[in-house]
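Examining the three-dimensional arrangement
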Amino acid sequence: MRHWNEDHGGLSQVVAWQLYFIHEPTLEGGKTGPLQRVLLAQCEHVPAGGSVSVPSSSSTSGQPSSLSP
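This paragraph deals with the overall build of the protein chain. Scanning the protein chain from N- to C-terminus turns up one helix and three strands. If you list the helices and strands of the protein chain from N to C, you get α-β-β-β. The buried share among the 69 residues of the protein chain stands at 13%. Across the protein chain, the fraction of contacts at a sequence separation of at least 24, relative to all contacts at a separation of at least 6, is 38%. If you sum the accessible surface of the protein chain, you get close to 5500 Å²; carbon and sulfur atoms cover 54% of it.

In this structure the tally under the stated criterion is zero aromatic pairs. Across the ring face of tyrosine 20, the terminal group of arginine 37 is positioned such that the distance to the ring centre comes to 4.7 Å.

Structurally, asparagine 5 is set in helix 1 (residues 2–7). Reaching out from asparagine 5, the side chain makes a polar contact with the backbone nitrogen of valine 14 at a distance of 2.7 Å. For asparagine 5, the contacting residues outside a window of four places in its chain are Gln13 and Val14.

Predicted coordinates in regions of low pLDDT should not be interpreted in detail. When pLDDT is averaged along the protein chain, the result is 78, and 64% of the positions lie at 70 or above. The element-level mean pLDDT for the protein chain is lowest in strand 3 (residues 65–66), coming to 61, with strand 1 (residues 16–23) highest at 94.

With that out of the way, let us pick up a nonpolar patch on the surface. On the surface, a nonpolar cluster with roughly 370 Å² of combined accessible area is contributed by Trp17, Leu19, Phe21 and Leu40. With three residues, strand 1 is the single largest residue contributor to the nonpolar patch. With respect to the helices and strands, phenylalanine 21 occurs in strand 1. On the accessibility criterion, phenylalanine 21 (44% relative accessible area) is partly exposed.

Here is what the cut-offs are and how they apply
- Residues numbered from 1 in each chain as written.
- Predicted model: local features only at pLDDT ≥ 70, side-chain atom pairs only at ≥ 80, totals over all residues.
- Heavy atoms only, no water.
- Helix = DSSP H or I, 4+ residues; strand = E, 2+ residues; numbered from the N terminus.
- Buried < 20%, exposed > 50% of the residue type's maximum accessible area, 1.4 Å probe, protein only.
- Contact = heavy atoms within 4.5 Å.
- Areas by Shrake-Rupley, 256 points an atom, 1.4 Å probe, with all protein chains shown as cover.
- Phe/Tyr/Trp six-rings, centres within 6.5 Å; stacked < 30°, edge-to-face > 60°.
- Lys NZ or Arg CZ within 6 Å of the ring centre and 35° of its normal.
- Polar contact = N/O pair within 3.5 Å; in protein donor to acceptor, adjacent residues only side chain to side chain.
- pLDDT = per-residue confidence, 0-100.
- Patch = residues over 30% accessible without salt bridge, like charges linked within 9 Å, V, L, I, M, F, W, Y side chains within 5 Å.
- Salt bridge = Lys/Arg side-chain N within 4 Å of Asp/Glu carboxyl O.

Okay, structure coming up:
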């Protein structure tokens, strides 16, 4: 993100991002269940020398949540 922001100014700069894993369970008979998203990592306004936030296993943000179409 820092390298992108060095080369891009104003409204083109990244100020936050979230990385999700999308899980689509397979049910009996080959049908699929509802999509679930699991937050793997997120980052907001990282100053020089900053770090990335990774949800812990006890964090509710790391738990699957249903996606609405």
